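# A closer look at the structure
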Protein chains: 2
Amino acid sequence: MLPESAQRQEELGLLQESAKSAFLAGADGLQLVEKQIRASLGSDAAVLTEISQYLLGLGGKRIRPLLAVLAARLFLTKKSPSAELPSALIEAAAGIELIHMATLLHDDIIDKSPTRRSKPSAYVKFGLAETLLTGDFLLVKAFGLCAKLDRYIIEQTENACIALTEGEVLEGTLANGRDLSLDSYLDIIGKKTASLFGLATAVGAHCAQEDLAVRSQLFEFGYSAGRAFQMVDDILDITADADLLGKPSGTDLRQGTPSLINILWLQSGESFAEEFFARTENTPEECLRAQEHLLNSDILGVARDIAKKEAEHAKKQLTSLAPESIDSEIQGALLALVDYTIHRAL
Amino acid sequence: MLPESAQRQEELGLLQESAKSAFLAGADGLQLVEKQIRASLGSDAAVLTEISQYLLGLGGKRIRPLLAVLAARLFLTKKSPSAELPSALIEAAAGIELIHMATLLHDDIIDKSPTRRSKPSAYVKFGLAETLLTGDFLLVKAFGLCAKLDRYIIEQTENACIALTEGEVLEGTLANGRDLSLDSYLDIIGKKTASLFGLATAVGAHCAQEDLAVRSQLFEFGYSAGRAFQMVDDILDITADADLLGKPSGTDLRQGTPSLINILWLQSGESFAEEFFARTENTPEECLRAQEHLLNSDILGVARDIAKKEAEHAKKQLTSLAPESIDSEIQGALLALVDYTIHRAL
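Residues numbered from 1 in each chain as written. Chains lettered and ligands numbered in written order. Predicted model: local features only at pLDDT ≥ 70, side-chain atom pairs only at ≥ 80, totals over all residues.

### Re the overall build of chain A
Summing up its helical and strand segments, chain A has 16 helices and 2 strands in all. Computed over the C-alpha atoms, the radius of gyration of chain A is 20 Å, within 12% of the 20 Å expected from 2.2 N^0.38 for a compact globule of 346 residues. With respect to the three principal axes, the spread of C-alpha positions in chain A is 60 × 50 × 35 Å. The burial tally for chain A puts 51% of its 346 residues in the buried class. Considering only intrachain contacts with a sequence separation of at least 6, the fraction spanning at least 24 residues in chain A is 77%. (Helix = DSSP H or I, 4+ residues; strand = E, 2+ residues; numbered from the N terminus. Rg over C-alpha atoms; globule rule 2.2 N^0.38 Å. Buried ≥ 20, exposed ≤ 12 C-beta atoms within 10 Å, placed from the backbone. Contact = placed C-beta atoms within 7 Å.)

In structure tokens form, the structure reads like this:
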């Protein structure tokens with residue numbers, strides 16, 4: 001929807017290439033993770049496997065396992081360039097993606113989403129009961145994988161999962177309340193999105209035998225990258241078209257989600273915003289008018305600045321690591337991944 | 001609804017007294033478990049705690065933790081009469097009850113149940129999103145508790161949770177198919193009910209340092225007692241009144257659940273049964289007519305015999321344990337618990 005200059009297109013192309021290098025650097029690990037995930041989906045109840053495989057087949061970037069793999073490689077490649085990834089890392093990364101998949105299934109039920117990645121959602125295709133139980137099944141399988149690992153991973157996984165459910169609940173509560181500050185927004189996306197990103201990168205460092213200080217720094221990197229990722233998602237909901245999103249744009253406006261855009265708009269004090277959010281439901285025309293208005297407003301710029309700042313904070317966690325302890329190519333790949341994420345929303 | 005003779009009332013009274021002794025023998029352990037459960041319910045999202053506490057406050061017999069406590073005491077009291085229960089047992093027993101609570105919340109959503117234990121269900125009182133997420137929250141908390149324990153408990157817990165979701169799915173699938181055999185019924189209730197009972201008793205033996213053979217025998221005891229428990233539930237759905245059930249009787253008939261009674265009725269070849277289950281929905285009058293018919297039919301007797309046989313199998317697991325390795329009073333309490341369960345349905 002946004003007019004894009006040729007220069008911006010070129011920049012984005014270059015960044016896309018760098019981001020690809022990140023996926024290439026993690027490709028071997030991701031293949032092992034994918035295999036581990038598939039091995040976890042077998043069940044005596046065929047529909048549990050069917051729904052899980054359907055969701056898996058819808059694609060997705062596997063960004064969380066990628067982060068876990070790259071966070072481990074960041075240190076391991078330096079220690080021994082030909083080192084294989086530890087099996088604990090593969091299992092934990094698979095567990096993290098299974099947790100993410102479980103939340104997608106349960107979210108679709110809660111949001112009554114008709115589509116996911118441009119295809120019918122599992123909820124619509126298979127029904128509420130089966131989709132809910134498959135979410136439970138994936139959650140249990142994920143925990144089964146992570147629980148076999150050491151206490152650090154178990155505790156971090158539990159914390160991240162608790163944060164996920166709390167984030168979802170708080171988002172729902174605040175969507176009704178409309179009394180959202182930027183701080184509570186940051187808290188919510190920290191819980192519902194960033195916690196699992198942070199888990200992935202912390203577990204990566206942990207499986208590379210790094211100490212608690214480094215694990216914490218890697219957690220902070222993933223957590224902050226996850227917040228930036230969610231902010232970009234919130235921006236794209238206004239600026240991108242349905243093809244890119246895999247669902248109609250403007251969803252956050254229609255549903256009154258406490259997204260970054262909605263919060264900033266409401267905080268701007270514009271009477272349009274107050275009237276828009278005061279109504280329990282807005283017509284499609286009103287939503288479209290709000291979206292057009294936002295596309296041409298300062299709000300977008302403010303949102304982008306906040307997202308950029310968050311991304312800078314994430315990158316700083318990586319650039320401040322002792323250079324002699326890390327592989328600079330993997331570091332570059334991770335930085336490119338963050339840059340690419342952000343530039344999609346610029 | 002059933003006419004009860006004075007003699008039967010007296011028998012039931014005596015059994016109730018014996019069963020009470022089981023609760024008394026486990027009372028100290030149950031208190032610790034209850035404390036552990038309450039300690040697990042805190043959350044940054046107040047509604048997760050509120051819904052969990054609401055469900056906990058609806059009561060319930062805490063039969064699964066009780067079985068875990070008594071299974072541990074069965075051996076521990078013999079070894080050292082004044083021995084305290086190991087904290088691992090308390091944590092695992094609390095985890096098992098939390099898993100059970102999570103399934104109750106998700107089941108109420110799936111069944112759209114208006115009531116639970118004669119009160120509004122959490123689903124009706126708090127809504128779908130909050131109830132679903134609280135189920136996830138409890139599942140994660142449960143796993144967090146069990147994952148801190150040893151590998152045996154983790155694996156058994158994962159197996160039981162997978163079985164739970166599979167049992168639920170298979171029940172739903174078969175309810176639609178109506179091609180249910182007694183074998184597939186036993187498989188389903190084994191998964192959806194008995195697996196958690198078996199987990200409780202196996203974990204009890206495990207925490208009392210018993211070897212794999214004894215743990216397996218205790219698993220078999222709990223598993224079989226769990227199947228008997230579910231069969232009795234299926235019978236009571238026809239014979240008991242709403243006060244006892246905490247919900248209207250005849251639910252299985254109305255919903256076409258593959259319950260023991262429904263399967264036996266369908267297998268009897270009665271044209272009434274075939275017509276009844278051929279309809280996608282039956283009027284309240286038709287359901288009542290079916291219930292009255294079943295109350296006066298041989299089906300009930302057949303169902304009771306199957307349940308009794310299952311209970312005998314459970315009890316045999318206890319009576320065949322080496323007498324010198326167990327406390328006979330606790331053994332008696334566990335046997336009384338099984339007897340009481342069964343006699344409620346006679």
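### Focus on the relation of the copies chain B and chain A
Both copies of the chain are tied together by a single rotation about an axis and a shift running along it. Under the fitted operation, chain B is carried onto chain A by 0.0 Å of movement along the axis and a turn of 180 degrees, and the coordinates agree to an RMSD of 0.0 Å. A rotation of that kind, with that shift, is consistent with a two-fold axis. Taking C-alpha positions as the reference, the residue of chain B nearest the rotation axis is B:A147, at 2.7 Å. Both copies contact each other with a shared surface, as 97% of the interface residues of chain B are interface residues in chain A too. (Least-squares fit on C-alpha atoms with pLDDT ≥ 70 in both.)

### Concerning the nonpolar core
Counting residues in each nonpolar core, the largest one holds 228 residues, and the members touching the most others are A:A68, A:L70, B:A68 and B:L70. In contact with A:A68, not counting residues within four places along its chain, are A:L89, A:A92, A:A93, A:I96, A:A200, A:T201, A:V203 and A:G204. (Core = buried A, V, L, I, M, F, W, Y, C linked by C-beta atoms within 7 Å.)

### Observations regarding the environment of A:I306
Residues and elements named next belong to chain A. Looking at the secondary structure, you find I306 in helix α15 (residues 299-319). Judged by local crowding, I306 falls into the buried class, with 20 C-beta atoms found within 10 Å. For the pair I306 and V232, spaced 74 residues apart in the sequence, the C-alpha separation amounts to 9.9 Å.

### Remarks on the packing of helix α1 (residues 6-39) of chain A against helix α3 (residues 63-79) of chain A
Residue and element names in this part refer to chain A. It is the contact of α1 with α3, at a shortest axis distance of 9 Å, that shows an interaxial angle of 110 degrees. Classified by the angle between their axes, α1 and α3 sit roughly perpendicular to one another. In this structure, α1 contributes A22, F23, A25, G26, G29, L30 and V33 to the contact, and α3 contributes P65, L66, V69, L70 and R73. Residues that form the contact of α1 with α3 fall into these classes: 9 nonpolar, 2 polar and 1 charged. (Axes fitted to C-alpha atoms, helices over the stretch in contact; angles between N-to-C directions. Parallel < 35°, antiparallel > 145°, perpendicular 65-115°, else oblique. Nonpolar A, V, L, I, M, F, W, Y, C, P; charged D, E, K, R; others polar.)

### Observations concerning unusual backbone geometry
All names here are of chain A. A positive phi angle is found at K112, which is not glycine, with a value near 50 degrees. As for its position among the elements, K112 is in the loop between α4 (87-111) and β1 (115-116). Among the residues examined, K112 registers 11 C-beta atoms within 10 Å and is labelled exposed.

### Describing the packing of α3(A) against helix α16 (residues 328-343) of chain A
Residues and elements named next belong to chain A. Running from amino to carboxyl end, α3 crosses α16 at an angle of 160 degrees, the nearest separation of the two axes being 8 Å. Between α3 and α16, the interaxial angle falls into the category roughly antiparallel. Viewed along their axes, α3 and α16 form a crossing whose handedness is left-handed. Listed contacts from α16 to L70, R73, L74 and T77 of α3 are I330, Q331, A333 and L334. When its residues are assigned to classes, the contact of α3 with α16 shows 5 nonpolar, 2 polar and 1 charged. (Left-handed = near helix turned anticlockwise from the far one by under 90°.)

### Examining helix α14 (residues 284-295) of chain A
All names here are of chain A. Between its first and last C-alpha atoms α14 spans 16 Å; for 12 residues at 1.5 Å apiece the expected length is 16 Å, and the two agree. Inspection of α14 places C287, A290 and L294 among the buried residues, and these make up the whole buried set. Each buried residue of α14 lies within a common arc of 60 degrees when the element is viewed along its axis, so the set occupies one face. In α14, those exposed residues whose orientation departs by more than 90 degrees from the buried face are P284 and E285. At its buried positions, α14 is contacted by α9 (212-239), α11 (251-255), α12 (260-267), α13 (271-278) and α15. (Expected span 1.5 Å × (residues − 1). Arc of directions from axis to C-beta.)

### Concerning the environment of B:G26
Residues and elements named next belong to chain B. Residue placement: G26 occurs in helix α1 (residues 6-39). The spacing of G26 and A129 is 103 residues in sequence and 36 Å in space, taken between C-alpha atoms. When residues no more than four places from it in sequence are discounted, the contact partners of G26 are L66, V69 and L70.

### So, the interface of chain B and chain A
Taken together, the contact pairs 32 residues of chain B with 31 residues of chain A. Sorting the residues of the side of chain B that touches chain A by element identifies α2 (46-57), α4 (87-111), α6 (128-147) and α7 (151-177) of chain B as the ones contributing at least two each. The element that contributes the greatest number of residues to the side of chain B that touches chain A is α6(B), accounting for 12 residues. When grouped by side-chain class, the residues that make up the side of chain B that touches chain A number 19 nonpolar, 6 polar and 7 charged.

### Let's talk about α15(A)
Residue pairs spaced three or four apart in an α-helix point in one direction, given the helix's 3.6 residues per turn. Spanning 21 residues, α15(A) covers 30 Å between terminal C-alpha atoms, matching the ideal 30 Å at 1.5 Å per step. Here the buried face of α15(A) lies against α9, α12, α14 and α16 of chain A.

### What about the confidence of the model for chain A?
Residues and elements named next belong to chain A. Residue-level pLDDT values for chain A average 91, and 96% of them are 70 or greater. Mean pLDDT across the elements of chain A ranges from a minimum in helix α10 (residues 242-245), with 68, to a maximum in α15, with 97. Reported confidence for the predicted complex is 0.91 by ipTM and 0.92 by pTM. (pLDDT = per-residue confidence, 0-100.)

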